[in-house]
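# Per-entry structural report
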Amino acid sequence: MLTVLGTLGFGFFCFLSVNFLSLGDTSLSIICAVIISLILGGLAFGVKLVKRTSRNFKTFIIWEWVLIFLFVVVAFFAIFPFSHYFVVSAQKENIQNKVVSNITQAEGLFKAYEKYADDRLKMYRKNLESAVNLKERRINDQDYKNFGFVEGTDNNTQVENKMFSLKAQLYPSNYSEMKQIDSSWLSDAKDKVTSWSPTDIVKVVNTLKVEISSWNEQLKSYSSFVQKAKKQPILISVIF
């Protein structure tokens, strides 16, 4: 019974260690853990059986030493995949702090984008109203033309229509849903890191950079819309 429990315990920590080493390759982790634990468990069980026999004592004592030697050799090579979990766990606090810090930075991604988008909308409205004002005062009508205004149509209506078009590009219909889903993902990731789940934290580390890069590219695509203006807008570039 103790042999079986020892084998299972050793195999479990081997799985966790290989999972760290392979960066979340579950299949490889299971295969390695099963192979190592079965070999060591089999050798330990073999030694136990040999010790129980009373026949051919000399022959069985040789087999016992052979099995013990093989057990020591396998255990020597297996100590690294077994102990790596404890090595990583010893750095638990540092790892948590670094990953949580990255998640916190990522949580500011949408806030940074919204500041950019709102500033751009404010500047665009200011420029539109300035162009209209200059046109109405007969000072300059070039900006009026550059912004695509049409004479004979109510200027206030044109301003609001242009503002609506820009806002629809910067804040498309799926923006709120995307922000909510991504924010929930980050919140869940932070919970997994702070609770220190050995398997979940590897998944978070593996996917965090990919997810953030994807969100960043999506936000950059929203900001890439160029409206008619006397100056081209500066596109957002939030690189994590």
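This text follows the structure it describes.
A brief structural summary. This one's a predicted model, so the numbers in the text were calculated from it and none came from an experiment.

## So, the layout of surface pockets
Roughly 150 Å³ of internal volume is contained in the second largest pocket. Taken together, F20, L23, H84, V88, I95, W196, I201, V202, V205 and N206 form the lining of the second largest pocket. Here the element with the most residues in the lining of the second largest pocket is helix α9 (residues 198-223); it accounts for four residues. When the residues that make up the lining of the second largest pocket are grouped by side-chain class, the tally is eight nonpolar, two polar and no charged.

## A word on unusual backbone geometry
Peptide bonds are mostly trans, and most non-glycine residues show a negative phi. A positive phi is found at R138, a non-glycine position, where the angle reads about 60°. One can find R138 in the loop between α5 (109-136) and α6 (142-146). Taking the relative accessible area as the measure of exposure, R138 reaches 78% and is therefore exposed. Even without glycine at this site, W196 takes up a positive phi of about 55°. Residue placement: W196 occurs in the loop between α8 (175-195) and α9. Residue W196 is classed as buried on the basis of its relative accessible area, which comes to 10%.

## Description of the packing of helix α4 (residues 92-107) against α8
Their axes nearest at 10 Å, the elements α4 and α8 cross at an angle of 170°. Between α4 and α8, the crossing angle belongs to the class labelled roughly antiparallel. On α8, the residues touching Q96, V99, V100, I103, T104, A106 and E107 of α4 are L186, A189, K190, V193 and T194. Of the residues that constitute the contact of α4 with α8, the class distribution is seven nonpolar, three polar and two charged.

## Notes on the nonpolar core
By size, the foremost hydrophobic cluster in this structure holds 47 residues, and its most contacted members are I103, Y113, F149 and L219. Where this core is concerned, the elements lending two or more residues are α1 (2-21), α2 (26-52), α3 (57-90), α4, α5, α7 (155-170), α8 and α9. By residue number, the principal contributor to this core is α5, which donates ten residues.

## Here's the deal with the packing of aromatic side chains
Two measures describe an aromatic ring pair: the distance that separates the ring centres and the angle between the ring planes. The tally for this structure, following the rule as stated, stands at nine aromatic pairs. Taking the centre distance of 6.1 Å and the plane angle of 65° together, the rings of F110 and Y175 count as edge-to-face. Of this pair, F110 sits in helix α5 while Y175 sits in helix α8, placing them 65 residues apart in sequence. Both rings, one in F110 and one in W215, keep their centres 6.4 Å apart while their planes meet at 40°; by these two values the pair is tilted. Residue F110 is found in helix α5, and its partner W215 is found in helix α9; the two are separated by 105 residues along the sequence. One aromatic cluster in this structure is built from F110, Y113, Y116, Y171, Y175, W185 and W215. The ring of Y144 carries K135 above its face, with NZ or CZ at 5.2 Å from the centroid. A cation over an aromatic ring shows up here: K162 above the ring of F149, its NZ or CZ 5.2 Å from the ring centre.

## Concerning the pattern of salt bridges
The tally for this structure, following the rule as stated, stands at nine salt bridges. Residues K135 and E151 are paired through a salt bridge, measuring 3.7 Å at the closest nitrogen-oxygen approach. Of this pair, K135 sits in helix α5 while E151 sits in the loop between α6 and α7, and the two are 16 residues apart along the sequence. Overlapping salt bridges bring together R125, E129 and E160 as one network.

## Details of α7
Between the first and last C-alpha of α7 there are 23 Å, a value that for 16 residues agrees with the 22 Å anticipated at 1.5 Å per step. When we look at burial in α7, the residues that qualify are N155, Q158, V159, K162, M163, L166 and L170. Buried residues of α7, seen end-on, are gathered within an arc of 135° and therefore sit on one face of the element. The inward-facing, buried residues of α7 abut α5, α6 and α9.

## Looking at a nonpolar patch on the surface
There is a patch of nonpolar side chains on the surface, built from I62, W63, V66, F69 and L70 and spanning about 500 Å² of accessible area. Tracing the backbone shows W63 in helix α3.

## Here we look at α9
Compared with the 38 Å implied by 1.5 Å per residue over 26 residues, the 38 Å span of α9 between its first and last C-alpha is a close match. Within α9, the axis deviates most sharply at T207, by approximately 35°. Inspection of α9 places P198, I201, V202, V204, L208, I212, W215, N216, L219, Y222 and S223 among the buried residues, and these make up the whole buried set.

Rules of the game
Residues numbered from 1 in each chain as written. Predicted model: local features only at pLDDT ≥ 70, side-chain atom pairs only at ≥ 80, totals over all residues. Heavy atoms only, no water. 1 Å grid on protein atoms, 1.4 Å probe; cavity = no way out; pocket = protein on both sides within 12 Å on 5 of 7 lines; lining within 4 Å. Points joined across faces, edges and corners; volume = space filled by probe spheres on them. Helix = DSSP H or I, 4+ residues; strand = E, 2+ residues; numbered from the N terminus. Nonpolar A, V, L, I, M, F, W, Y, C, P; charged D, E, K, R; others polar. Buried < 20%, exposed > 50% of the residue type's maximum accessible area, 1.4 Å probe, protein only. Axes fitted to C-alpha atoms, helices over the stretch in contact; angles between N-to-C directions. Parallel < 35°, antiparallel > 145°, perpendicular 65-115°, else oblique. Contact = heavy atoms within 4.5 Å. Core = buried A, V, L, I, M, F, W, Y, C linked by side-chain atoms within 4.5 Å. Phe/Tyr/Trp six-rings, centres within 6.5 Å; stacked < 30°, edge-to-face > 60°. Lys NZ or Arg CZ within 6 Å of the ring centre and 35° of its normal. Salt bridge = Lys/Arg side-chain N within 4 Å of Asp/Glu carboxyl O. Expected span 1.5 Å × (residues − 1). Arc of directions from axis to C-beta. Patch = residues over 30% accessible without salt bridge, like charges linked within 9 Å, V, L, I, M, F, W, Y side chains within 5 Å. Areas by Shrake-Rupley, 256 points an atom, 1.4 Å probe, with all protein chains shown as cover. Bend = angle between axes of the 7 residues up to and from the residue.

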